[in-house]
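Coordinate analysis (summary)
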Amino acid sequence: MGAYFASRLPGVGKVPWFICETLSCLFDDLGEINPDYPGFKKMSEHFVLSMFGSDGQPVGFCVFIPERLDLVQIDIILIKKELRERGLGRLLLGYLEQALEQGTILYVRQVTNTGRKFFTRCGFARDVQLFKVLNHNNRLLKEKTCYTPAVYACV
């Protein structure tokens with residue numbers, strides 16, 4: 001499935017897990033996420049979409065779990081503290097959405113208060129769990145977006 005997702009995203013390439021692991025350690029502020037959250041320990045078992053700035057430094061990452069091609073759980077979205085509230089989380093989620101087919105269901109099982117507000121602003125319904133069924137009207141990026149030199153991503 002990783003090759004499928006990567007093939008659908010511009011500017012995305014597969015990198016060894018140890019690189020993602022090393023880069024994720026550079027995030028010293030997790031916001032409201034509990035540092036002992038089990039999702040951090042299981043990141044190597046899932047897919048990680050990482051975002052880098054033009055200086056090559058990590059900006060943020062999204063951990064997601066494709067349960068099927070049409071059902072994807074968002075586990076973690078984290079942006080560096082000093083770069084939050086600039087739309088980078090939306091951009092990262094938007095890149096992930098581009099790799100998914102119409103009708104794909106995105107959902108979040110556990111979420112912090114800040115995360116709930118973020119996902120709601122990104123079009124997720126507020127229910128027992130947050131979810132989003134992708135269609136033409138609710139995608140964050142309306143057209144296929146080629147990456148810019150300022151933002152790179154890797155899976």
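This text follows the structure it describes.
Below or above, wherever it landed, is the structure these notes cover.

**Here we look at the overall build of the protein**
- Across its full length, the protein carries five helices and six strands.
- Reading the secondary structure of the protein in the N-to-C direction produces α-α-α-β-β-β-α-β-α-β-β.
- Contacts spanning at least 24 positions in sequence make up 66% of the contacts within the protein whose residues lie at least 6 apart.
- In the form shown here, the protein has an accessible surface area of approximately 8,500 Å², with 55% of it arising from carbon and sulfur atoms.

**Focus on the environment of V59**
- Among the secondary structure elements, V59 is positioned in strand β2 (residues 58-68).
- Remark: the alpha-carbon pair of V59 and L23, spanning 36 residues in sequence, is separated by 9.6 Å.

**A few points about the side chain of K132**
- Relative to the helices and strands, K132 is located in strand β5 (residues 130-133).
- Exposure remark for K132: the relative accessible area of 1% places this residue in the buried category.
- Within polar-contact distance, the side chain of K132 engages the backbone oxygen of C122 at 2.7 Å.

**Side note on the packing of aromatic side chains**
- The tally for this structure, following the rule as stated, stands at five aromatic pairs.
- Taking the centre distance of 5.2 Å and the plane angle of 85° together, the rings of F27 and F61 count as edge-to-face. With a gap of 34 residues between them, F27 in the loop between α2 (17-24) and α3 (38-41) and F61 in strand β2 connect regions that are remote in the sequence.
- The class for F61 is buried, based on a relative accessible area of 4%.

**Things to note about a nonpolar patch on the surface**
- Residues I105, F131 and V133 make up a contiguous nonpolar surface patch of roughly 200 Å² in combined accessible area.
- Considering the arrangement of structural elements, one finds F131 in strand β5.
- Judged by its relative accessible area of 31%, F131 is partly exposed.

Rules used throughout
- In this convention, every chain numbers its residues from 1, walking through the sequence in written order.
- Per-residue local features of the predicted model are confined to residues with pLDDT of at least 70, and side-chain atom pairs are confined, for both listing and counting, to 80 or more; whole-chain, interface and lining totals are unaffected and use all residues.
- Side-chain descriptors were evaluated using all non-hydrogen atoms of the structure, hydrogens and water having been removed beforehand.
- Labels follow the DSSP assignment, with helices taken as runs of H or I lasting at least four residues and strands as runs of E lasting at least two, numbered in each case from the N terminus.
- Whether two residues are in contact is decided by their heavy atoms: any pair within 4.5 Å suffices.
- To measure how exposed things are, a 1.4 Å probe is used in the Shrake-Rupley method; for residues, cover is taken only from the protein chains shown.
- Here the term buried applies to any residue with accessible area under 20% of the maximum for its type, exposed to any over 50%, and partly exposed to those in between, with areas from a 1.4 Å probe on protein chains only.
- In protein, a polar contact means a hydrogen-donor-capable atom and an acceptor-capable atom, both N or O and within 3.5 Å, with residues adjacent in sequence counting only if both atoms are side-chain atoms; elsewhere, any N or O pair within 3.5 Å suffices.
- The aromatic pairing rule takes the rings of Phe, Tyr and Trp, using the six-membered ring of Trp, and pairs them if the centres are within 6.5 Å, calling planes under 30 degrees apart stacked, those over 60 edge-to-face and the rest tilted.
- Within this analysis, patches are made of residues with over 30% relative accessible area and no salt bridge. Like charges are joined at 9 Å or less; nonpolar side chains (Val, Leu, Ile, Met, Phe, Trp, Tyr) at 5 Å or less.
- The working definition used for a salt bridge is a side-chain nitrogen of Lys or Arg within 4 Å of a carboxyl oxygen of Asp or Glu.

Any link to function would need more than the numbers given here.
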